[in-house]
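Architecture at a glance
Each chain, letter by letter, is given below.
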Amino acid sequence: MDRRLVLLVICFCFCFFVLTFFSQAYGVENPTLLYSNYTLKHYQRKTVLTLGDLEFKHLWVRIPVIDLTKKSLAKLVTLSLRALTKNLVYKYPIKDADKLSRLFYRYVCTQRFDKVILSQKKSFILTKTKVIEVRKGLVLPPIPQGLSFFTYENRVKTILNQRVAPILRKLLEKSLEVRYRELPERERMTFFTQTAKELGITIQLAKKLMNTGFAFAAYVSGIDGRLTLKFSKGVRKAISPYQAELCLRLSITLIIYKFDPQTKRFVFYKEIRASSGTTCVVKSLYYVVYSKNFYYPLFKKALMKAIKAAAINAYYQLKKDDNFAIYAPAEEVSGNEIQASIGLAEAIRIDAPFDIYEFVNGKRVYKGFGKVRFVANDCSLNSIKKSRIRLIKGSVEAYDLLREHPWTGVFVGLAVGVEPFSVKSIGSYEASGGGKWLTFKLTTKGDLGFIRNSKNLADVWLNFFVGYGVGGNKVTIYNFKGSNVIIDPNYYGEAGLGISKRWYLSHYGLAFSLGGDIAGRYLKFKTTTDELTIWALSLIPKFKLVYSYSPDLEFWGEVGYAYNVYSRTIYDDEWGNEYRWDADTQGGINFFFGISWQFGFVGSFSGIYAPPPSCNNYKSLIFRGGKK
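These numbers were taken from a predicted model, which means no experiment stands behind them.

Parameters at a glance
- Each chain carries its own residue numbering, running from 1 in the written order of its sequence.
- Per-residue local features of the predicted model are confined to residues with pLDDT of at least 70, and side-chain atom pairs are confined, for both listing and counting, to 80 or more; whole-chain, interface and lining totals are unaffected and use all residues.
- With hydrogens and water set aside, each side-chain value is computed from the structure's full complement of heavy atoms.
- Cysteine sulfur atoms that come within 2.5 Å of each other are treated as a disulfide pair.
- A helix here means a DSSP run of H or I that spans at least four residues, while a strand means a run of E at least two residues long, and both kinds are numbered starting from the N terminus.
- Note on classification: 1.4 Å probe, protein chains only; a residue is buried when its accessible area is under 20% of the maximum for its type, exposed when over 50%, partly exposed between these limits.
- Definition of nonpolar core: a set of buried residues of the types Ala, Val, Leu, Ile, Met, Phe, Trp, Tyr and Cys, connected through side-chain atoms within 4.5 Å.
- Two residues form a contact once any of their heavy atoms are found within 4.5 Å.
- We score Asp and Glu as negative and Lys and Arg as positive, and we do not count His or the chain ends.
- Just to be clear on terms, a salt bridge is a Lys or Arg side-chain nitrogen sitting within 4 Å of an Asp or Glu carboxyl oxygen.
- In the analysis that follows, any N or O atom pair within 3.5 Å is treated as a polar contact, provided that within protein one partner can donate a hydrogen and the other can accept it, and provided that, for residues neighboring in sequence, both atoms belong to side chains.
- The span you would expect from a helix comes to 1.5 Å times its residue count less one.

**Overview of the state of the cysteines**
In the structure shown here, the tally under the stated rule is 2 disulfides. In this model, cysteine 379 is linked to cysteine 615 through a disulfide, with the two sulfur atoms separated by 1.8 Å. Where cysteine 379 bonds to cysteine 615 through sulfur, the torsion about that S-S bond is close to -80°, and the disulfide is left-handed. Here cysteine 379, found in the loop between strand S16 (363-374) and strand S17 (387-394), pairs with cysteine 615, found in the segment after strand S29 (588-598); they are 236 residues apart in sequence, far enough to count as distant. In this pair, the class of cysteine 379 matches that of cysteine 615, namely buried. Taken N- to C-terminal, the disulfide-bonded cysteines of the chain are connected 1-2, 3-4.

**Considerations on the nonpolar core**
Membership of the largest hydrophobic core comes to 86 residues, with the highest contact counts inside it found for Phe104, Phe216, Leu227, Leu254, Tyr295, Phe299 and Leu318. With residues near it in sequence (within four places) discarded, leucine 227 still touches Ile63, Pro64, Val65, Ile66, Tyr90, Ala244, Glu245, Leu246, Tyr295 and Leu298. Within the second largest apolar cluster, 26 residues are counted, among which are Val116, Ile132, Val134 and Val178.

**Looking at the side chain of glutamate 55**
Assignment of secondary structure puts glutamate 55 in strand S2 (residues 55-56). For glutamate 55, which is buried and forms no salt bridge, the nearest opposite charge comes from arginine 155, at a distance of 7.8 Å. There is a polar contact of 3.2 Å between the side chain of glutamate 55 and the backbone nitrogen of glycine 146. The residues contacting glutamate 55, other than those within four sequence positions of it, are Ile143, Pro144, Gln145, Gly146, Leu147, Tyr152, Ala218, Tyr219 and Val220.

**Considerations on the side chain of aspartate 517**
Mapped onto the fold, aspartate 517 is located in strand S25 (residues 510-526). What makes aspartate 517 buried here is its relative accessible area of 8%. Here the side chain of aspartate 517 touches lysine 542 through a polar contact of 2.4 Å, side chain to side chain. What aspartate 517 contacts, discounting residues up to four positions off in sequence, is Asn463, Phe465, Leu497, Gly498, Ile499, Ser538, Leu539, Ile540 and Lys542.

**Brief notes about the pattern of salt bridges**
Under the definition given, this model contains 32 salt bridges. Note that glutamate 531 is salt-bridged to lysine 526, the shortest N-O span being 3.8 Å. The class for glutamate 531 is partly exposed, based on a relative accessible area of 22%. Each member of the salt-bridge network shares a partner with another, and the members are Lys441, Glu494, Asp517, Lys542, Lys544 and Glu558.

**Some remarks on helix H8 (residues 296-318)**
Its 23 residues place the ends of H8 33 Å apart at the C-alpha level, agreeing with the 33 Å of an ideal helix rising 1.5 Å per residue. For H8, the buried fraction is high: 18 of the 23 residues fall into the buried class.

Take a look at the structure:
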């Protein structure tokens, strides 16, 4: 057994050495690569316009109602009455498409783009520092809701080419000088000279080629959901005995068209299919209500949350495309700190990861990654302010290439470990049993620094988990009604949330974190005649080691101590008697090993996402009818 353990340790050390060694980089010897065509992708801000409101394929959403508050005969009677009154399914209309559209595009069409605004008398382009206008307006023809995807796509393309293209061309031409001045001074002639040299054309034509734009349109193909009426649990039960949970899941297709300045037409570029994941909202109830109108505000709230989640997912997928991701050179490197000329103007968030590359024989070679620790306000013309990025894994040198890594900040994971939960007494009776449980956990966690875009929350992680355990020992209740009662173990369960702060060690992807969980823990013991359930509210301080193999994949191990602050039991004996007592239970040292990977669907996490950062200058103006 000892020999196997030694071999396991040697294998682990070897794997760790290989992973860390090959994550290191080679030196950059050519500083001119700082201004290569790859890095200049950062400086080519894209111009984007959004066409109309979200298009909904269906004008109504059918919500099945699942009632878990009735049992036996009451359930049968209630179900029959609801079937007669057609209250088994609620049907809600889609309203406020304009409001939903503004929410969606707020998270998709961010500060990093130069935005086009069309109004009745004038049209505008909002660049990094200016608002450029042309005295030619456009009232977009309304597109009715409920169209098929094919019909909607044809309508959009027709409107873009017949009505929008001429105005966009004028805006691009008029804004050319401003957008040119907004390039950092050293990059102005670098870009035009290099582009002209590569394409074999004049500098003037290269300037026009820079001014390509994109149009976004979004189609909601489906919305599914359910409304569940159920009993409240835990602390919530003391406030209200019931609750209504409404969950939605919707799918959106983001259609992207690219404007060709030579043909002066829009051409199809790509589609991005995004989903909200399952997003839920909860309403506390003092009594069960069966009324479609009563739950309509809850439906609207859930729909807004689902639209926001789908937008975050669409934006995450958008950044996989080189045309919409941020590129920047590593201009200054000091130890594990990197400085780069990116910031608010590019809608960069705290803790956003950046991949690091260098060029070897003209090819990009991956070197590692870092995370943003400070976002510079680079919104002014010729700003020299730089954001700071902390190297997490690998190595970096000046003139390396930084590429934004698509990220949601939300991870899911699996873990296995041992959880102690023992019984010392039940009511006034001494008891023993429980012990250690082999436990499997499903975890969901989010980086609050990224989600809230807060430097004070950098690498602070919010964690949700559920666990199921087996094993344990029999419970014995001593001298209960003159004899000892022995009950076999059934299972262990837990659910809770926690928070932790992470600190990275050097540049090998290793980190440690300190934090704690609050958990509801549950034991069940059962024989053919007796049943005993024990639950406890526990506080669990813990220490964790994390190895970040990449921004998307982590391996970790943790040690904690579960302290039960309150316990209760319910015992049902063979004669049908029920006994409810306080209990004396004990936790102890637990340990887990797990793996976590990035999850593209933010789901209910969308409710706590902060809006994308902005410069709070011209971009924050609201245009209505051409008036500022």
